[in-house]
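Topology and contacts: notes
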Amino acid sequence: MDSLAPEPRNKENVIYSKIRGLKEGSLETTEEHKKKHAHKYVDCQRRGFVAYILQTSGTTGTPKIVRVPHQCIVPNIQHLKSIFEISSDDVIFMASPLTFDPSIVEMFVALCSGATLLIVPPVVKMMPKRLNKVLFNDHKVSVLQATPTLIKRFGSEILASVVLSANTSLRVLALGGEAFPSLCVLKSWRGEGNKTQIFNLYGITEVSSWATYYRIPEEILCNATRHEECVPLGFPLLGTTLDVMDNSGQVIQEGEGQVFIGGKERICFLDDEITVCPGTMRATGDWVIIKDEHMYYLGRQDNQIKRHGKRVNLESIQQVAESLKQVEACVVTKCDEDKLVLFVVPRVISEQHKGNTTNFRRDILLDLGKHLSPHAIPDDVVQISSLPFTAHGKIDQTTLIQTYREKTKAKISNNVLGKKELWEGIQRLWKVVLNLPEGLPDVSENCMFLYSGGDSLKALRLTEEIETLVGQTVFGLAEVILNSSLLDIYNHIIEAIFFETKNNEELNDKNDRKIKRKRIKDESARSHSKQIKQWRSTASIGNITTVSRGSQITKLNTNVSYENCENRPDVQEGKDLMDAESNGEERKGHNSSNVSENVNANMSINEEKMSVKNNSWESFVNKVVKPQRNDGKVIPEDRVANCTTVSLKIRWKSDTAKCVDASPLLVISENNGSDATLYIGSHSHRIQAIDVLSGKIKWERILGDRIESSACISRCGKFIIVGCYDGSVCVLKGNDGETFWIFCTGNSVKSSPIVDPDLGLVFVGSHDQHIYALDILDKACVWKLHCGGGAVFSTPCLNKSPRLLYVATLGESLVAVNPDTGSVVWKRSCGKPLFSSPQCTSQSVYIGCVDGSLQCFSHNGDQFWQFSTGGPIFSSPCIYSFSATNQKIICGSYDCFVYCLNEDGDLVWKFETSNQVYAVPFVFTNCDLNDRTLVAVISTDGNLWILVATTGELVTSYSLPGEVFSSPVVWKETLIVGCRNNYVYCLEMSTSEQKKMALGESEQFPQ
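These figures come from a predicted structure and were not determined experimentally.

1. Some points on empty space enclosed by the protein
- Overall, the coordinates contain nine cavities of 30 Å³ or more when judged by the stated rule.
- Taken as a whole, the second largest cavity holds about 70 Å³ of empty space.
- Lining the second largest cavity are Leu80, Phe84, Ile86, Ile92, Val105, Glu106, Val109, Val143 and Gln145.
- Sorting the residues of the lining of the second largest cavity by element identifies helix H3 (102-111) and strand S7 (143-146) as the ones contributing at least two each.
- Ranked by residue count, the leading element in the lining of the second largest cavity is H3, at three residues.
- Its residues assigned to classes, the lining of the second largest cavity shows seven nonpolar, one polar and one charged.

Following this line, the structure appears as structure tokens:
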């Protein structure tokens, strides 16, 4: 038949037709067309046309009524009878119920060949040992067509010794209806000398019954070499046509796509269909890959899930798990939306391991970790006695999910723990989550999670495991795991569980806050005037500009008197995302390394494929993705050619002796920016002040602990404020780094401080779960607020109108605070911990969440919208105004994408990087590119991307020699960022004109 243009697709039942004579662009109505071409349509209302009617099982979607014509099923019966070489001597087991269409093949293959058809009561199928006796001892079954699940229920011992033994009666074993087992598993079922022919059958009920077959070659089954590869789907059965189509609807010969099944007479009628075009191809929902002219099954479309920003194939995980020596049978299921659970039937349980599910679970996870990527490892392993199956012989997912929920509920209800049991439980879970060997001695109480191989995703998993163990939510546990020792984690849980109330402490805190507010109220006039005089008397620097991450540019006129409110400058408040450490020692006049490494020269704006020469960065394709106007799906978009090219090179780099996770603070003063200083801290406890133009270190201080907090500058411009891991907030003199004041909180300070541009107060959060308002000139804490549970990891955000201070906590809360009194205005739960820092516009506040969502609230606390990405969000949103009415929100995600949204939460574009995005994007304008607005983005693998902010097109890229969790800052032609290879880098951007032709255009320069 000729392949012609497809008909329009029905979203519920995607089909396409190959009908000779149909013309593209025909304006005939459907009814007129049917009348004119009546002979080209199949009508199911003809007498005697339909052979049988059944309903699909619903395991892969909504159940459908399927009417199957004789002409559709008869070729199946005839061809399979020939392939299996059925004779009157055969005994065929009717494994399928009458409601499952393979039963028709079993019945009529037997009837048309004179073979014996064995039918057993359904209850016998539920008893593997009894079924084995009936089939192979009593009736000597020679042909068995079944689902892999039904066969697995026999167990490997019975399979090898009876079903697939050397002297078995079974001549043909045909497996279908589910993913075919791997060759490794298949070989483990066969006894030595077995000669059973094994077939892989594939099909869908909508084109009843089977579509393809493949016989496993005997030489492969007998080969002792370990085979991990999948078994092909094989060859089309009589009268069957298969096509594989990609996402754009094009038939492909190589690569991945969805299978469509049909044929001239292989047509069934679904639900209310009366007529169907000959050649109609039904979408299966099954994804395959075509390699070397063979189709290999990848899995159901709905089993291709995104997890931690990566695509995960549940069938692939199951095949790896089935190959483990301790696994008899297994299935992977997604439970409760975000939990991946592996259900395992153990192969053998020794007496010493009976009931010890902990060791079994740990062993399984350890072995899976050797073969799977971290994002594909299941969250939990559940030991079951046998796989439940439906009436059709397929895995009963509903029963499995219910089993898991009951086991989880039982754990919670029986988790009355003593302190000893809790300590042992934490030790056990620590080892399981970090994939540590079983024989490892007890973990030292001083061990740190991050230093033991943990990361933020594993910390969230350990949090969930511990909360399941103790049967309750433990507020702030995730941040304690990330930043404290094992003993601190234990003490934190003890405090949450065994000391139920803290009424006295909360009452004292409340009274203390009331006293503090009363002091502010009683002395407001005196203290405010005193503060203004102090600012005026100390301000002698003149005009300064600060540039910090997230495109925060603040202009300060430190010579202005603020007695008149109208003279206060219009300021954008600076924010950050990183964390902190700090103490004291000095070094001046030291030069950092001046390097000129010209890399990535002449990268054109429309370039998709990049081969970056430094740091052994492999080539790959990057995609700018934009939403379609009609259905919200995303499609790749070709770049627009531009003749201006951009290159990056290192101007200088400065060695800080340890990782640099803090983000830069640039302070530019007077003379058109001739004096620009960078302030940045590192894990080595050092904070450096570096001349931006020369790279020379002006001064360096060693503070009390590691620094991940990003610095800010005081309202007067004379002091630098930064937080430390030792719980201190250090106020240093900007000109020489000498200590002016140190304020101590109750725990680590990773939150980056911000300054109130009007009153000069410094706001900073701490892991002691408080937010502080500090008057650095008075060296006093004006107020502190307990945020209700959960450390304050991120940077607070001060909004001018309405005047509110926003604080995000690891206790899942976004809190709006009155910055003058320290009282809570409103509080909202975001469902998961908040590592991201809030950002504001005049109408809204935005925050990223670990559940992968970017959430938008009004200043009254009402949620406007929520946008979901494919991975946790640790990055903070960057808000940029392209015009008075055009604001965009740009944010990175751990799914490796950067997203640009409008104020209504609609996707404008997204760009795929090479790794997770932790850093905050930075939007800037480049005058050498016709004042185009660009955005700098860095992924955690150190790859830097410069994109066009309005479209997401790639301008250029650069690769740093280490991981990056610092956020970039751009000033003029320089970009500065910290790196985990211990260096701070200053990169210089340069542009050049290059004559270039777009495909199909005459030679000209684009405007």
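The discussion continues.
2. Quick word on the packing of aromatic side chains
- Applying the stated criterion across every chain yields a total of 24 aromatic pairs.
- Summarising the aromatic geometry, the rings of tyrosine 806 and tryptophan 826 are spaced 5.7 Å apart at their centres and angled 55 degrees between planes, so their arrangement reads as tilted. On the criterion of sequence distance, the pair formed by tyrosine 806 in strand S45 (residues 804-808) and tryptophan 826 in strand S47 (residues 824-829) is long-range, its members being 20 residues apart.
- Look at tryptophan 826 and you get buried, because its relative accessible area is 7%.
- Taken together, Phe793, Phe835, Phe874, Tyr894, Tyr918 and Phe965 form an aromatic cluster joined through their ring pairs.
- Residue placement shows lysine 653 over the ring face of tyrosine 983; its charged tip is 4.7 Å from the ring centre.
- When the ring centre of phenylalanine 897 is taken as reference, the NZ or CZ atom of lysine 910 above it lies at 4.4 Å.

3. Topic: the environment of phenylalanine 965
- Within the secondary structure, phenylalanine 965 is located in the loop between strand S59 (954-959) and strand S60 (969-971).
- The spacing of phenylalanine 965 and serine 939 is 26 residues in sequence and 8.0 Å in space, taken between C-alpha atoms.

4. Quick look at helix H10 (residues 314-322)
- Most of H10 sits out of view: eight of its nine residues are buried.
- Regarding H10, its N-cap is asparagine 313, as a side-chain oxygen of that residue lies 2.9 Å from the backbone nitrogen of glutamate 315 further along.

5. A look at the packing of helix H13 (residues 419-433) against helix H14 (residues 456-470)
- Two elements in contact, H13 and H14, have axes whose closest approach is 10 Å; the angle formed by their N-to-C orientations is 150 degrees. Read as a crossing pair, H13 and H14 show a hand that is right-handed. Contacts between H13 and H14 involve Leu422, Gly425, Ile426, Arg428, Leu429, Trp430, Val432 and Val433 from the former and Lys458, Arg461, Leu462, Glu465, Ile466, Leu469 and Val470 from the latter.
- Class assignment for the residues of the contact of H13 with H14 results in 10 nonpolar, one polar and four charged.

6. Topic: the pattern of salt bridges
- Enumeration over the complete set of coordinates arrives at 17 salt bridges.
- Salt-bridge contacts for glutamate 206 lead to lysine 64; the nearest nitrogen and oxygen are separated by 3.3 Å. On the criterion of sequence distance, the pair formed by glutamate 206 in the loop between strand S9 (197-202) and strand S10 (212-215) and lysine 64 in the loop between strand S3 (50-55) and strand S4 (65-69) is long-range, its members being 142 residues apart. Neither glutamate 206 nor lysine 64 differs from the other in exposure class; each is buried.
- Salt-bridge contacts for aspartate 756 lead to arginine 803; the nearest nitrogen and oxygen are separated by 2.5 Å. Of the two residues, aspartate 756 is situated in the loop between strand S40 (754-755) and strand S41 (762-765) and arginine 803 in the loop between strand S44 (797-799) and S45; the sequence distance between them amounts to 47 residues.
- Relative accessible area serves as the criterion here: at 0%, aspartate 756 is assigned to the buried category.
- When its relative accessible area of 26% is taken as the criterion, arginine 803 is described as partly exposed.
- Three or more residues joined by partner-sharing salt bridges are found here, namely Asp661, Glu963 and Arg980.

7. Details of a nonpolar patch on the surface
- Side chains of Val123, Met126 and Met127 sit close together on the surface and give an oily, nonpolar patch of about 260 Å² of accessible area.
- Its location among the elements puts methionine 126 in the loop between helix H4 (122-125) and helix H5 (128-138).
- Owing to a relative accessible area of 43%, methionine 126 belongs among the partly exposed residues under this scheme.

8. Thoughts on the sheet that holds strand S6 (residues 116-118)
- Taken in spatial order, the seven strands make up an open sheet running S6-S5-S7-S8-S9-S10-S11, and their pairing is mixed. Only two strands of the sheet have a single partner each, and these edge strands are S6 and strand S11 (235-236).
- As paired strands, strand S5 (residues 91-93) and S7 are joined by two bridges and run parallel to one another. Bridging from a neighbouring strand, isoleucine 92 pairs with valine 143 of S7.
- Docked against the sheet, H3 engages S5, S6 and S7, running at close to 165 degrees with respect to S5.

9. Topic: the pairing of strand S57 (residues 932-938)
- By the criterion of burial, S57 is predominantly enclosed, with six of the seven residues buried.
- Sheet topology note: the strand S56 (residues 922-926)/S57 ladder contains five bridges and is antiparallel. Residue pairing across strands places threonine 925 opposite threonine 933, the latter belonging to S57.
- As paired elements, S57 and strand S58 (residues 943-948) share five bridges and run antiparallel to each other. By the bridge assignment, isoleucine 938 is partnered in S58 with leucine 944.
- Between the end of S57 and the start of S58, which pair antiparallel, lie four residues, with glycine 942 showing a positive phi angle near 95 degrees.

10. What about the sheet that holds S47?
- Across the sheet, which stays open at both edges, the four strands sit in the order S44-S45-S46-S47 with antiparallel pairing between neighbours. The open sheet has two edge strands, S44 and S47, and neither has a second partner. Each adjacent strand pair in this sheet contributes to an overall mean axis angle of 20 degrees, direction not counted.
- As paired strands, strand S46 (residues 813-817) and S47 are joined by five bridges and run antiparallel to one another. Bridged to serine 813 within S47 is serine 829.

11. Some points on the environment of leucine 434
- Structurally, leucine 434 can be placed in the loop between H13 and H14.
- Look at leucine 434 and you get buried, because its relative accessible area is 8%.
- In the structure, leucine 434 is positioned 69 residues away from leucine 365 in sequence and 9.8 Å away in space, judged by C-alpha atoms.
- Non-local contacts of leucine 434, meaning those with residues more than four positions away in its chain, are made with Phe449, Ser452, Gly453, Gly454 and Lys458.

12. Considerations on the confidence of the model for the protein chain
- Across the protein chain, the average pLDDT comes to 78, with 75% of residues at or above 70.
- A low-confidence stretch, residues 560-623 (pLDDT under 50), is modelled with 250 contacts involving residues beyond four sequence positions or located in other chains.
- This stretch, residues 995-1007, has a pLDDT under 50; its non-local contacts, to residues over four places away or in other chains, come to 16 contacts.

13. What to know about the nonpolar core
- Leu666, Leu678, Phe924, Leu944, Ile946 and Leu975 are the most contacted members of the largest nonpolar core, which totals 39 residues.
- At five residues, strand S62 (residues 983-993) tops the list of elements feeding residues into this core.
- Not counting residues up to four positions away in its chain, the partners in contact with phenylalanine 924 are Arg932, Thr933, Leu934, Val935, Ala936, Ile946, Val970 and Met989.
- Counting 35 residues, the second-largest nonpolar core is a separate cluster that includes Ile426, Leu477, Ala791 and Phe793.

14. Quick notes on the side chain of glutamate 708
- Among the secondary structure elements, glutamate 708 is positioned in the loop between strand S35 (697-702) and strand S36 (712-713).
- For glutamate 708, a relative accessible area of 5% corresponds to the buried category.
- Polar side-chain contacts of glutamate 708 include one of 2.5 Å to the side chain of arginine 706.

What counts and what doesn't
Residues numbered from 1 in each chain as written. Predicted model: local features only at pLDDT ≥ 70, side-chain atom pairs only at ≥ 80, totals over all residues. Heavy atoms only, no water. 1 Å grid on protein atoms, 1.4 Å probe; cavity = no way out; pocket = protein on both sides within 12 Å on 5 of 7 lines; lining within 4 Å. Points joined across faces, edges and corners; volume = space filled by probe spheres on them. Helix = DSSP H or I, 4+ residues; strand = E, 2+ residues; numbered from the N terminus. Nonpolar A, V, L, I, M, F, W, Y, C, P; charged D, E, K, R; others polar. Phe/Tyr/Trp six-rings, centres within 6.5 Å; stacked < 30°, edge-to-face > 60°. Buried < 20%, exposed > 50% of the residue type's maximum accessible area, 1.4 Å probe, protein only. Lys NZ or Arg CZ within 6 Å of the ring centre and 35° of its normal. Polar contact = N/O pair within 3.5 Å; in protein donor to acceptor, adjacent residues only side chain to side chain. Axes fitted to C-alpha atoms, helices over the stretch in contact; angles between N-to-C directions. Left-handed = near helix turned anticlockwise from the far one by under 90°. Contact = heavy atoms within 4.5 Å. Salt bridge = Lys/Arg side-chain N within 4 Å of Asp/Glu carboxyl O. Patch = residues over 30% accessible without salt bridge, like charges linked within 9 Å, V, L, I, M, F, W, Y side chains within 5 Å. Areas by Shrake-Rupley, 256 points an atom, 1.4 Å probe, with all protein chains shown as cover. Pairing = 2+ DSSP bridges. pLDDT = per-residue confidence, 0-100. Core = buried A, V, L, I, M, F, W, Y, C linked by side-chain atoms within 4.5 Å.

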